[in-house]
Amino acid sequence: MELRSVEELMDLLHACRGSRNTAGHGGAPVDLHDHALQTAALLRRSRPADKELQVAGLVHVIGQLLRPGDVAGHADHAADTVRPLLGERVSRLVRLHRDGWEDDPVMEDVQTLRQADEASWASGLDAGVLEDWRTVLELVAARHARPRTVG
Ligand SMILES: [Fe+2]
């Protein structure tokens, strides 16, 4: 599956509501939709200027919805799914959030994503609603839109 629009992505993130999969996280299962919002909200707080990192935090959960139980493959699957819409960097952050190489240039950002991912389980932060992210998702998607043929 490849996402082609922010609308499709929003639908997928809405569908995470009610899905409880720990996918390798310790502790009690948490609602995936809430986990996505919490992770993104923590990243918005720690890295306010980095919209792509925030968006990576938001979408990192979708592999668990699309491939439930596939702990090893869910990050790769999510990364492949979001790449056409959100671009290479977001895809890379999502892919590496479970298993990354320490010498990869994006590892500092991956570490920040991992910290937010882990912290979100106990943050208790008011993370708002998915609709708050529509504009940010559209902004990031617009940067990676494929050139249109005019005329
Ligand atoms: Fe997570």
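See the structure above.
The notes below deal with the structure included here. This one's a predicted model, so the numbers in the text were calculated from it and none came from an experiment. (Residues numbered from 1 in each chain as written. Predicted model: local features only at pLDDT ≥ 70, side-chain atom pairs only at ≥ 80, totals over all residues. Heavy atoms only, no water.)

### Considering the overall build of the protein chain
Helix and strand counts for the protein chain come out as eight helices and zero strands. In the protein chain, the order of α-helices and β-strands from amino to carboxyl end is α-α-α-α-α-α-α-α. The buried share of the protein chain, reckoned over its 151 residues, is 49%. Residue pairs at least 24 apart in sequence account for 62% of intrachain contacts in the protein chain once pairs closer than 6 positions are excluded. (Helix = DSSP H or I, 4+ residues; strand = E, 2+ residues; numbered from the N terminus. Buried < 20%, exposed > 50% of the residue type's maximum accessible area, 1.4 Å probe, protein only. Contact = heavy atoms within 4.5 Å.)

### Here's the deal with helix H1 (residues 6–15)
Given 3.6 residues to a turn, an α-helix orients residues that are three or four positions apart in the same direction. Of all the residues in H1, the buried ones are Val6, Leu9, Met10, Leu12 and Leu13. Projected down its long axis, H1 shows its buried positions confined to an angular sector of 160°, all on one face. Buried residues along H1 sit against helix H2 (32–46), helix H3 (51–59), helix H4 (62–66), helix H5 (74–86) and helix H8 (134–143). (Arc of directions from axis to C-beta.)

### A few points about the environment of His74
Looking at the element boundaries, His74 is found in helix H5. Residue classification places His74 among the buried residues on the basis of a relative accessible area of 1%. Along the sequence, His74 and Gln64 sit ten residues apart, while their C-alpha atoms lie 5.7 Å from each other.

### What to know about the nonpolar core
Within the largest apolar cluster, 43 residues are counted, with the highest numbers of intra-cluster contacts made by Leu58, Val59, Leu86, Val90 and Leu137. Elements supplying a minimum of two residues to this core: H1, H2, H3, H5, helix H6 (88–96), helix H7 (107–119) and H8. Residue contacts for Val90: discarding those within four places in its chain leaves Glu52, Val55, Ala56, Val59, Val82 and Val140. (Core = buried A, V, L, I, M, F, W, Y, C linked by side-chain atoms within 4.5 Å.)

### Things to note about the side chain of Thr112
Assignment of secondary structure puts Thr112 in helix H7. On the basis of relative accessibility, which here comes to 14%, the residue Thr112 falls in the buried class. If we ignore the near neighbours within four places in the chain, the residues touching Thr112 are Leu43, Ser46, Arg47 and Leu53.

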